Amino acid sequence: MKTKALLFLILCMLSYIELFGQQNNNFKSQSQLSKNTISNEYNFLYVLALGGYGVTLDYERLLLKQSHYYIYGKIGVGYGAIGGNDVGITGMQLPLSLNILNGASNNHFEVNLGARTFFDIPFDKVNSSVDHGFLIYPIVNLGYRYQQPNGKFLFKVLGGTDGISVGIGMTF
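The shown structure was predicted, so the numbers you read here are calculated from the model rather than taken from an experiment.

> Tell me about the overall build of the protein, residues and numbers included.
Along its length, the protein carries two helices and eight strands. Walking the protein from its N terminus toward its C terminus, one meets helices and strands in the order α-α-β-β-β-β-β-β-β-β. Out of the 172 residues belonging to the protein, those deemed buried represent 38%. Restricting the contact set of the protein to residue pairs at least 6 apart, pairs at least 24 apart contribute 54%. Here the protein has roughly 10000 Å² of accessible surface; of this, 67% comes from carbon and sulfur atoms.

> Summarise the nonpolar core; cite the residues concerned and give the values.
Grouped together as the largest cluster of nonpolar side chains are five residues: Leu33, Leu62, Tyr70, Tyr72 and Leu101. Non-local contacts of Tyr72, meaning those with residues more than four positions away in its chain, are made with Leu33, Ser34, Lys35, Glu60, Arg61, Leu62, Leu63, Ser97, Leu98, Asn99, Leu101 and Gln147.

> Account for the pairing of strand E4 (residues 88-104), with residues named and values stated.
Two strands pair when backbone bridges link them, and strand E3 (residues 69-83) and E4 are joined in this way by 13 bridges, in the antiparallel orientation. Within E4, the position partnered with Gly80 by the bridge is Gly91. The pairing of E4 with strand E5 (residues 107-120) spans 14 bridges and is antiparallel. Bridged to Asn99 within E5 is Asn112. As consecutive antiparallel partners, E4 and E5 are separated by two residues, and within that stretch Ser105 has a phi angle of approximately 60°, a positive value.

> Report on the packing of aromatic side chains, specifying residues and quantitative values.
One pass over the full model with this rule turns up four aromatic pairs. Measuring from ring centre to ring centre gives 6.0 Å for Phe118 and Tyr137, while their planes differ by 10°; the resulting arrangement is stacked. One end of the pair, Phe118, is in strand E5; the other, Tyr137, is in strand E6 (residues 134-147), with 19 residues separating them in the sequence. The same class applies to Phe118 as to Tyr137, namely buried. The interplanar angle of 40° and the centroid separation of 6.0 Å between the aromatic rings of Phe119 and Phe134 together place this pair among those described as tilted. Residue Phe119 is located in strand E5, and its partner Phe134 is located in strand E6; the two are separated by 15 residues in the primary sequence.

> Can you tell me about a nonpolar patch on the surface, naming the residues and giving the values?
Taken together, the side chains of Ile38, Leu57, Tyr59, Ile75, Val77, Met92, Leu94, Leu96, Ile121, Met170 and Phe172 define a hydrophobic patch exposed on the protein surface, amounting to about 930 Å² of accessible area. Mapped onto the nonpolar patch, the elements with two or more residues apiece are strand E2 (50-66), E3 and E4. The dominant element in the nonpolar patch, judged by the number of residues it contributes, is E4, at three residues. In this structure, Ile121 sits in the loop between E5 and E6. The class for Ile121 is partly exposed, based on a relative accessible area of 39%.

> Please provide a residue-by-residue account of the environment of Thr90, values included.
Note that Thr90 resides in strand E4. You can call Thr90 partly exposed: its relative accessible area is 23%. The spacing of Thr90 and Tyr79 is 11 residues in sequence and 7.8 Å in space, taken between C-alpha atoms.

> An account of the pattern of salt bridges is requested, with residue identities and associated values reported.
This structure, assessed with the given rule, holds eight salt bridges. Taking the shortest distance from any N to any O, the salt bridge between Glu41 and Lys74 comes out at 2.7 Å. Of the two residues, Glu41 sits in strand E1 (residues 36-47) while Lys74 sits in strand E3, which places them 33 residues apart along the sequence. Each of the two residues, Glu41 as well as Lys74, counts as buried.

> Pulling in residues and values, what's your account of the pairing of E6?
Sheet faces and side chains relate simply in a regular strand, where the side chains alternate between the two faces. Pairing of E5 with E6, which is carried by 13 bridges, proceeds in the antiparallel orientation. Paired with Gly114 across the bridge in E6 is Ile139. In this structure, the hairpin formed by E6 and strand E7 (residues 153-160) is closed by a connection of five residues.

What counts and how
- Residues numbered from 1 in each chain as written.
- Predicted model: local features only at pLDDT ≥ 70, side-chain atom pairs only at ≥ 80, totals over all residues.
- Heavy atoms only, no water.
- Helix = DSSP H or I, 4+ residues; strand = E, 2+ residues; numbered from the N terminus.
- Buried < 20%, exposed > 50% of the residue type's maximum accessible area, 1.4 Å probe, protein only.
- Contact = heavy atoms within 4.5 Å.
- Areas by Shrake-Rupley, 256 points an atom, 1.4 Å probe, with all protein chains shown as cover.
- Core = buried A, V, L, I, M, F, W, Y, C linked by side-chain atoms within 4.5 Å.
- Pairing = 2+ DSSP bridges.
- Phe/Tyr/Trp six-rings, centres within 6.5 Å; stacked < 30°, edge-to-face > 60°.
- Patch = residues over 30% accessible without salt bridge, like charges linked within 9 Å, V, L, I, M, F, W, Y side chains within 5 Å.
- Salt bridge = Lys/Arg side-chain N within 4 Å of Asp/Glu carboxyl O.

This is the structure we're talking about:
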């Protein structure tokens with residue numbers, strides 16, 4: 001039931017992206033966004049006694065441009081932790097997602113949909129023989145992205161299943 005409700009909520013949000021993007025009738029005369037981006041993302045999540053954090057280095061590639069919509073494929077690698085002191089996963093993370101942008105000029109509404117895989121890496125010698133495994137969880141983030149069509153600077157702030165994410169990067 002929760003999965004169906006989450007899927008319905010995501011579909012509703014995607015259908016209303018038009019409300020959050022900027023309208024621009026002269027869009028064809030403006031430059032397009034860069035095809036490639038490299039950015040650092042910092043994630044902070046705190047729910048009850050459990051929390052999480054992460055740092056990733058991400059690469060994005062423009063896959064599709066339609067009017068004032070942009071779809072980027074994103075892949076990254078980084079370090080993160082989910083859980084409390086006695087339970088949780090700490091180690092390498094690999095995010096894979098689609099970033100859907102809507103907007104013109106410098107300001108964009110961003111929807112980030114995908115999955116993040118955590119690989120548990122034990123740091124103590126006592127439990128090193130235990131199979132810690134991995135965890136896959138969904139990425140559903142919404143937020144603001146500042147990216148100039150002809151510029152090199154990228155800044156974004158997102159909120160969602162990753163908690164609060166702040167990203168800074170460059171475009172080319």
